[in-house]
Amino acid sequence: MRIGVLTSGGDCPGLNAVIRSVVHRAVADHGDEVIGFNDGWKGLLEADYRALDLDAVGGILARGGTILGSSRVQPAHLVDGVERARGHVEELGLDAVIPIGGEGTLKAARLLSDAGLPIVGVPKTIDNDIAGTDVTFGFDTAVGVATEALDRLKTTAESHQRVLIVEVMGRHTGWIALHSGMAAGAHAIVVPERPFDIDELTARVGKRFLAGKKFAIVVVAEGAKPRAGSMDFDIGGKDIYGHERFAGVARQLSTELEHRLGKEARPVILGHVQRGGTPTAYDRVLATRFGWHAVEAVHRREFGKITALRGTDIRLIPIAEAVESLKTVPRERYAEAETVL
Ligand code: F6P
């Protein structure tokens, strides 16, 4: 068989592990040929690709980022995007394309799959918000990075008797905030799923100082917003692809909390450091398993599906199941975290 692979959307630790696994399973075990499209869907739309053999994927398992490059370009951005993709799949004699990506990438995968192209997707995002899979690779690494940062920030917050408001990634969901906040023992966790009330947040942080504590750490997901009418708030705007470009919830919260509490407050924005660098062992294993199962699905001609972790098993589920809604933080998960704050 001839298989095309691409990585699209925001990068994520573990992408190289999937590419390596696809090549090993396909080339070494099945005798397939694999090509890698450069810079995501852009490579498929422009027939910009390279051959991937075992040498090409040597030594990349532990490397962050993606050797194929990524972009946010999608077939839907071009009037003839679907037809161009189809044309290149045919010209290159591909039996399947394996796109590795998050929400936007999988929506594009669904579009092409509905148009009859042979697609098997692999979900990725540090945000862990893809429905249908218990976990996405990259999440464990991002939570580890955020937790280490929070541990470090605690000591400086304590030295200066400050409130630190630490902004982590999570446009629509608060999984990174929830897990890193729990792991590091943050004093408040603010997630997009539950618009915050500034009075309640002030009271929660203030209670610590009243109890004689000298500092506080608040973890906030970048997409968190106040309850309507709770405080003046600038949400920000959109980028050229229509993605949110937030005005900075940590910055706004720190100004508000400093003023209300009469304590020094500082915003800390972790940003893309959460997406960079070497994946954890957990993410390498999950990514490798996803790659292996994607190739198997191609050989079974089980198209229009993505790999998903269910419990400890890898399953193939319809792409539609993954893109129709996001996996948000359930109430109970938040309640568990709140109890230990
Ligand atoms: O989707 C993953 C993510 O990390 C989001 O949490 C974040 O909002 C976004 O990517 C940032 O992407 P960009 O690289 O375009 O700034």
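Here we summarise the structure given alongside this text. Keep in mind that this is a model prediction, so the values were computed, not measured.

**Here we look at the site of the ligand**
As a matter of local geometry, the ligand sits amid Gly10, Gly102, Thr125, Ile126, Asp127, Met169, Gly170, Arg171, Glu222 and Arg275. Taken together, the residues that form the shell around the ligand break down as 2 nonpolar, 4 polar and 4 charged. When residues of the shell around the ligand are sorted by domain, at least three fall in each of domain 1 (2-138 + 279-322) and domain 2 (141-276).

**Overview of the sheet that holds strand S11 (residues 265-269)**
Strands sit in the order S7-S8-S6-S11 across an open sheet of 4 strands; the sheet is parallel. In this open sheet, the two edge strands, each paired with only one partner strand, are strand S7 (188-190) and S11. Going from strand to strand, the sheet's axes swing by 20° on average, the running direction of each strand aside. Of the strand pairs in this sheet, strand S6 (residues 163-168) and strand S8 (residues 216-221) are connected by 6 bridges, and their pairing is parallel. In the sheet register, valine 166 faces S8, and the bridge partner there is valine 219. Strand contacts of helix H5 (residues 139-160): S6, S8 and S11, with the helix running at about 165° to S6, the strand carrying the most contacts.

**So, the sheet that holds strand S5 (residues 120-123)**
Across the sheet, 7 strands lie side by side as S3-S2-S1-S4-S5-S12-S13; this open sheet has mixed pairing. Edge positions in the sheet fall to strand S3 (49-52) and strand S13 (313-318), since each has one partner strand and no second. Along the sheet, successive strands turn relative to each other by an average axial angle of 30°, direction set aside. Sitting on the sheet, helix H9 (residues 281-299) is in contact with strand S1 (2-7), strand S4 (96-101), S5, strand S12 (305-310) and S13, with an inclination near 170° to S5.

**Notes on the environment of isoleucine 317**
Position of isoleucine 317 among the secondary structure elements: in strand S13. Setting aside its immediate chain neighbours within four residues, isoleucine 317 contacts Gly132, Lys305, Ile306, Ala308 and Ala322.

About the criteria used
- Residues numbered from 1 in each chain as written.
- Predicted model: local features only at pLDDT ≥ 70, side-chain atom pairs only at ≥ 80, totals over all residues.
- Near = placed C-beta within 6 Å.
- Nonpolar A, V, L, I, M, F, W, Y, C, P; charged D, E, K, R; others polar.
- Domains from an automatic or database assignment.
- Pairing = 2+ DSSP bridges.
- Helix = DSSP H or I, 4+ residues; strand = E, 2+ residues; numbered from the N terminus.
- Axes fitted to C-alpha atoms, helices over the stretch in contact; angles between N-to-C directions.
- Contact = placed C-beta atoms within 7 Å.

None of this, on its own, says anything about what the molecule does.
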